[in-house]
Amino acid sequence: RELIGVASAYLPLVDMHTNGFLLLPGMPKESLLKELVEAGLTMITFSIASFDNEVNRHLMLIKKNPADLISRAVDLGLLVRCSLVMNTEGVITVLDALQYIKEAGNRGAHMVVIREVWTPDVYGDFSPDVYGWNLEHKVAIKPIQDAFEEISRDQKNPYGLTELDPLPWGTPVFAVGGVFEDKDHGVNVTFARCDEATGGSVIKSIVHKPNGHGYRNWDHGGQILY
């Protein structure tokens, strides 16, 4: 279970973050995933709000759940991460998050990143309605992360949760194992807030916008990196 953490930290991964819509069976770009792997893609992150199809449809506004793509991506040799944005209409509680991880792992995912709904300092490309929804439905992830740390202190906890070495900027890294259908499978778990990438000396993410520039975040007020 520690191997994934080492690979994620030190190997030159080529990652794509997607809602998976165009990669689903029946879509014109159904073969794109295989083509991307052949072109050098090594990791893919699927935004999945819930493994409940109706909840995911409501929150992601797509008819088919990209969860069905996880096993396909694994078969193509990709590292697979699930990106979960916690909110009051989807995954809300600590136990909900642990169940999400279990379902992701049973489908073959190697990693889960748990995120907060983003509430930027300025609207940017957000409409007031979207911004208002984000404020209303936001679930703070710091208490969830604290609960994971507390649970992991019990080495016999029923969730198979352990804490690994933190990332260089201090974010805890967790592993879940022994609770999946494949008893040898493990899932690494981290927590992330979008505002963590907007400042500081460590660049944790770069957003490449259609205008050809890279930014620390989606906010137009963010620092232009190139």
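See above for the structure.
Below, the structure is looked at part by part. (Residues numbered from 1 in each chain as written. Predicted model: local features only at pLDDT ≥ 70, side-chain atom pairs only at ≥ 80, totals over all residues. Heavy atoms only, no water.)

## Quick notes on the overall build of the protein chain
Item 1. A tally of regular secondary structure across the protein chain gives seven helices and nine strands.
Item 2. Buried residues in the protein chain amount to 42% of all 226 residues.
Item 3. The long-range fraction of contacts in the protein chain, counting pairs at least 24 apart against all pairs at least 6 apart in sequence, stands at 58%.
Item 4. Carbon and sulfur atoms make up 55% of the accessible area of the protein chain, which totals about 12200 Å². (Helix = DSSP H or I, 4+ residues; strand = E, 2+ residues; numbered from the N terminus. Buried < 20%, exposed > 50% of the residue type's maximum accessible area, 1.4 Å probe, protein only. Contact = heavy atoms within 4.5 Å. Areas by Shrake-Rupley, 256 points an atom, 1.4 Å probe, with all protein chains shown as cover.)

## Things to note about helix H7 (residues 142–152)
Item 1. When we look at burial in H7, the residues that qualify are Ile 144, Gln 145, Phe 148, Glu 149, Ile 151 and Ser 152. Taken around the axis of H7, the buried residues stretch over an arc of 165°, which confines them to a single face. H7 presents Pro 143 and Glu 150 as exposed residues on the side facing more than 90 degrees away from its buried surface.
Item 2. Those residues of H7 that are buried lie in contact with strand S3 (79–86), helix H5 (94–106), strand S4 (111–116), strand S5 (161–164), strand S6 (173–177) and strand S7 (186–192). (Arc of directions from axis to C-beta.)

## Notes on the pairing of S4
Item 1. The buried fraction of S4 amounts to five of the six residues, a majority that puts the element mostly inside the structure.
Item 2. Sheet topology places S3 next to S4; six bridges connect them, and they run parallel. Within S4, the position partnered with Ser 83 by the bridge is Val 113.
Item 3. Crossover connection from S3 via H5 to parallel S4: handedness right-handed.
Item 4. One ladder, built from five bridges, connects S4 with S7; its direction is parallel. Paired with Ile 114 across the two strands is Phe 191, which belongs to S7. (Pairing = 2+ DSSP bridges. Right-handed = clockwise from strand over helix to strand, strands pointing away.)

## As for the packing of H5 against H7
Item 1. Two elements in contact, H5 and H7, have axes whose closest approach is 10 Å; the angle formed by their N-to-C orientations is 75°. Classified by the interaxial angle, the pair formed by H5 and H7 is roughly perpendicular. Residues Val 94, Ala 97, Leu 98 and Ile 101 of H5 form the contact with H7, whose participating residues are Ile 144, Ala 147, Phe 148 and Ile 151.
Item 2. Partitioning the contact of H5 with H7 into residue classes produces eight nonpolar, no polar and no charged. (Axes fitted to C-alpha atoms, helices over the stretch in contact; angles between N-to-C directions. Parallel < 35°, antiparallel > 145°, perpendicular 65-115°, else oblique. Nonpolar A, V, L, I, M, F, W, Y, C, P; charged D, E, K, R; others polar.)

## Some thoughts on the side chain of Glu 149
Item 1. Following the sequence through the fold, Glu 149 ends up in helix H7.
Item 2. No salt bridge forms around the buried Glu 149; measuring N to O, its nearest opposite-charge neighbour Arg 153 is 5.2 Å away.
Item 3. Setting aside anything within four residues of it in sequence, one finds Glu 149 in contact with Glu 163, Pro 172 and Phe 174. (Lys, Arg positive; Asp, Glu negative; His and termini not counted. Salt bridge = Lys/Arg side-chain N within 4 Å of Asp/Glu carboxyl O.)

## Here we look at the sheet that holds S6
Item 1. The strand order across the open sheet formed by seven strands is S1-S2-S3-S4-S7-S6-S5, and the pairing between neighbours is mixed. Each of the sheet's edge strands pairs with one partner strand only, and the pair in question is strand S1 (15–18) and S5. Neighbour-to-neighbour, the strand axes of this sheet turn through a mean angle of 25°, independent of strand direction.
Item 2. Relative to S7, S6 runs antiparallel, the two being bridged by five bridges. Directly across from Gly 177, in S7, lies its bridge partner Gly 186.
Item 3. Contacts from H7 reach S3, S4, S5, S6 and S7, with the element oriented near 100° to S5.

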